[in-house]
Amino acid sequence: PAYIPENNTLLRVTMSGPEDPKLLANPAGSVHGAFSLVFSSFPPEDHRPGCRWTGDSVKQMYVVADAAKLASGGAPAGVRLECGWTRLDEKNWIGFNYEGQQHFVYSMHPHTVVVSRPADGACQSRYSTSSYSVMAELAEAVGGSHRIHGSGTAVEYDDGYLGLFHVVNQDRRYVTMAYKFEAKPPFRIVAVSKPLPLQGDGSAFASSLALPHGEAGPDSKVVIGYGVK
């Protein structure tokens, strides 16, 4: 919230619909088309009437398996990813593909990875590691692992995966960093960058990560998309 002393007004932003959409490539040859759309949202009111005003009013993660239909004017339905809590907010999962299956980094520390089925949202926690000491030190420095959140989707990069995460301090300011994790289970973290110099002075929220087509080596250019509040 923001207080305006000149007219004694408190401004508060309330999100009531889908937010933080991310495109995630489907495995090659998927019957659902080229890509999925992953987003967080309150449960639809037609599924739970009045849910936004009850204890059920928490954000959950959803996936649209055949998201290409959206680009052609269709209206494919999203399904809830069934991992995680239903009484607490679920958001900021990092999507990636491995051996023909959709995976998500569910939490940064411990680095927990779940496997999902986009057709119906079926989801299972598979791997969890906490051996990378830098993340433990970061969690302690910022006041707990609940202040470390994923950003965007991960891409294959230099014999592993490259992803983004952000830290939120008590003043709701963002610090974004890149990190690398192993290319195979259990997907241990192997490197973390320094804070990225995004414009916006703590108001920048990174939402996408991409590499030029055909490039995935350590000298590749990395493109980060972000917004500034």
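Report follows, based on the coordinates. (Residues numbered from 1 in each chain as written. Predicted model: local features only at pLDDT ≥ 70, side-chain atom pairs only at ≥ 80, totals over all residues. Heavy atoms only, no water.)

## Section: the overall build of the protein
Then, number 1: In terms of helices and strands, the protein carries 2 helices and 16 strands.
Then, number 2: Residue pairs in contact within the protein that sit at least 24 positions apart in sequence constitute 45% of those at least 6 positions apart.
Then, number 3: For the protein, the accessible area works out to roughly 12,600 Å², and carbon and sulfur atoms hold 53% of it. (Helix = DSSP H or I, 4+ residues; strand = E, 2+ residues; numbered from the N terminus. Contact = heavy atoms within 4.5 Å. Areas by Shrake-Rupley, 256 points an atom, 1.4 Å probe, with all protein chains shown as cover.)

## Some details on the nonpolar core
Then, number 1: If you look at the biggest cluster of nonpolar residues, it comprises 19 residues, and the most contacted ones within it are Phe96, Val105, Met108, Ile148, Phe165, Tyr179 and Phe181.
Then, number 2: At the level of secondary structure, the elements contributing two or more residues to this core comprise strand E7 (94–98), helix H2 (133–142), strand E11 (148–156), strand E12 (160–168) and strand E13 (174–182).
Then, number 3: Leave out the neighbours within four places in its chain, and Phe181 touches Phe96, Val105, His111, Ala154, Gly160, Tyr161, Phe187, Arg188, Ile189 and Val190.
Then, number 4: Residues Leu24, Trp93, Phe104 and Cys123 belong to the second largest nonpolar core, which totals 10 residues. (Core = buried A, V, L, I, M, F, W, Y, C linked by side-chain atoms within 4.5 Å. Buried < 20%, exposed > 50% of the residue type's maximum accessible area, 1.4 Å probe, protein only.)

## Examining H2
Then, number 1: Among the residues of H2, those classed as buried are Met135, Leu138 and Ala139. Along the axis of H2, the buried positions cluster into a sector of 100°, meaning they face one direction only. Facing away from the buried surface of H2 by more than 90 degrees, the exposed residues are Glu137, Glu140 and Ala141.
Then, number 2: The inward-facing, buried residues of H2 contact E11, E12, E13 and strand E14 (189–192).
Then, number 3: Backbone geometry just downstream of H2 places Gly143 in the positive-phi region, at approximately 95°. (Arc of directions from axis to C-beta.)

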